[in-house]
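Observations on the model geometry
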Amino acid sequence: MNEMTPPRPRASEQMWLDEAMALLIEAGVDAVKVMPLAKRLGLTRTGFYHHFRDRDALLSAMIARWEDKNTGNLVARCEAYAETICEAMFNLQDCWFNPSLFDAPLDNAIRHWARQDPALKQRLDDADARRKQAVSDMFRRFDYAEDDAEVRTMAILYTQVGYISMKIEEDPVARIERVPAYVALFTGQSPTAAEIERFRARNGY
C-alpha cells in the first residue's frame, strides 16, 4: 500500500510577515511580492490570501509592525522607571543592544522605502516626532531645560540614525564598554558603577 503524502503545512500570518520583513531588509520594498515570498516559504501563493487581502494589505501590516516595535518600544524605554537621568539613558540604550526591542536593519529599510512613498514618509516623520518627544520628555522629567533637552535629544537620535544607516560593525564587547561614556556625553552626568553593571548584565555582558 502506498503511503499518502502528508499535506503541505500552511504558513501562518506571522510567517508570511516575517519573511516579508526579511525580504524588505535584503532587497527593498520592490522585491516584496507574493510569488517570491511563497517560493522562499516553499508554499503556494494561494496560502497568502488566507491571511492578506492583497500585497497592499501585507505592506500595511509591515509598516504597522515597524511602528509598534521600533517606535513603540523606544517610547516605552524612555518612559520606564529610572531614579536618575543616567539610569533612564541606559534604559533607552537597551534599544540599540536588544533586537527584540528595536530592529535597526528594519528601521533603515523603512527609511529607504519612505524615499519613494510619500504616505510612508509622513508616517516616518510622525514616528520620528514621537521618538523625539519621548526622549525630550525623558530629559525634562529630570529637570533639564526645554532647549537643553531638545539639543540632547537631537544628538542622541541623529547619532543613532547615522550609526544605523552607515551599517557600522563593531566588536560587541568594545561597543558595550563605550556605552557609559555615551551616557555621560548625552546627559552631562557620570553614571554610577551600579547603573553600569545593571545595564551590562541585562544585555548579556
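Here's a quick rundown of the structure. (Residues numbered from 1 in each chain as written. Predicted model: local features only at pLDDT ≥ 70, side-chain atom pairs only at ≥ 80, totals over all residues. Heavy atoms only, no water.)

Focus: the overall build of the chain
Stated formally: Put simply, DSSP H or I for four residues or longer makes a helix, DSSP E for two residues or longer makes a strand, and each gets a number counted from the N terminus. Exposure classes here rest on a 1.4 Å probe applied to the protein chains alone. A residue is buried below 20% of its type maximum, exposed above 50%, and partly exposed in between. Pairs of residues are marked as contacts when any of their non-hydrogen atoms sit within 4.5 Å. In these tables, accessible area is a Shrake-Rupley quantity obtained with a 1.4 Å probe, and a residue counts as shielded only by the protein chains included in the view. For the purpose of counting charges, residues Lys and Arg are taken to be positive, whereas Asp and Glu are taken to be negative. His and the chain ends are not included. The location of each charge is read from NZ of Lys, CZ of Arg, CG of Asp or CD of Glu.
Helices and strands together make up the secondary structure of the chain, namely nine helices and zero strands. Along its sequence from the N terminus, the chain presents helices and strands in the succession α-α-α-α-α-α-α-α-α. Each principal axis of the C-alpha atoms in the chain carries an extent, and together these give about 75 × 45 × 30 Å. Buried residues in the chain amount to 42% of all 205 residues. Across the chain, contacts joining residues at least 24 apart in sequence account for 67% of those joining residues at least 6 apart. Here the chain has roughly 11600 Å² of accessible surface; of this, 54% comes from carbon and sulfur atoms. With 27 positive and 32 negative side-chain charges, the chain shows a spacing of 5 Å between the two charge centroids.

Some thoughts on the packing of aromatic side chains
Each aromatic ring pair is summarised here by two numbers: the centre-to-centre distance and the angle between the ring planes. Spelled out, the test is: Side-chain rings of Phe, Tyr and Trp, where Trp is taken by its six-membered ring, are said to pair if the distance between their centres is within 6.5 Å; with planes under 30 degrees apart they count as stacked, over 60 as edge-to-face, and otherwise as tilted.
One pass over the structure, following the stated rule, counts eight aromatic pairs. Taking 5.0 Å as the distance between ring centres and 85° as the angle between the ring planes, the aromatic pair formed by W96 and F102 counts as edge-to-face. Neither W96 nor F102 differs from the other in exposure class; each is buried. Seen in terms of ring centroids, Y182 and F186 are 6.0 Å apart; in terms of plane orientation they differ by 20°. Their pairing is stacked. Note that Y182 and F186 are positioned in helix α8 (residues 172–187) at a spacing of four residues, about one turn of the helix. Y182 gets classed as partly exposed once you look at its relative accessible area, which sits at 35%.

What to know about empty space enclosed by the protein
Inclusion rule: Think of a 1 Å grid over the protein atoms and nothing else: a 1.4 Å probe that fits but is trapped marks a cavity, an open set flanked by protein within 12 Å on at least five of seven lines marks a pocket, and residues with an atom within 4 Å of a point count as lining. Grid points are joined across faces, edges and corners, and a volume is the space filled by probe spheres set on the points.
Under the definition given, this model contains one cavity of 30 Å³ or more. Of the volumes computed, that of the largest cavity is approximately 40 Å³. Every residue along the wall of the largest cavity is listed here: E87, F90, N91, E195, R198, F199 and R202. Put simply, the parts of the chain that give the lining of the largest cavity at least two residues each are α4 (85–97) and α9 (193–202).

Let's talk about the pattern of salt bridges
Between side chains of opposite charge, a pair can form as their charged atoms come close. Which entries qualify depends on this criterion: Salt bridges are defined as contacts in which a side-chain nitrogen from Lys or Arg sits within 4 Å of a carboxyl oxygen from Asp or Glu.
Applying the stated criterion across every chain yields a total of 18 salt bridges. Across the pair R131 and D107 runs a salt bridge, and its minimum N-O distance is 2.9 Å. Pair noted here: R131 is in helix α6 (residues 118–141) and D107 is in helix α5 (residues 104–114), with a separation of 24 residues, a long-range link. Each member of the pair, R131 as well as D107, carries the same accessibility label: buried. Between R175 and E170 there is a salt bridge; the shortest N-O distance is 3.9 Å.

Things to note about the state of the cysteines
Put simply, the rule reads: Cysteine sulfur atoms are paired as a disulfide whenever they come within 2.5 Å of each other.
Tallied over the full model, the rule gives zero disulfides. Lacking any disulfide linkage, C78 is separated from the closest cysteine sulfur, that of C95, by 7.1 Å. For C78, a relative accessible area of 1% corresponds to the buried category.

A closer look at the layout of surface pockets
What counts is decided by this rule: Under the grouping applied here, Gly and all other residues not named as nonpolar or charged are polar, the nonpolar ones being Ala, Val, Leu, Ile, Met, Phe, Trp, Tyr, Cys and Pro and the charged ones Asp, Glu, Lys and Arg.
In this structure, the largest pocket occupies an estimated 560 Å³ of space. If you trace the largest pocket, you find 26 residues lining it, with A104, P105, I164, K167 and I168 closest to the centre. If you tally residues by element for the lining of the largest pocket, the top one is α5, at six residues. Its residues assigned to classes, the lining of the largest pocket shows 16 nonpolar, five polar and five charged.

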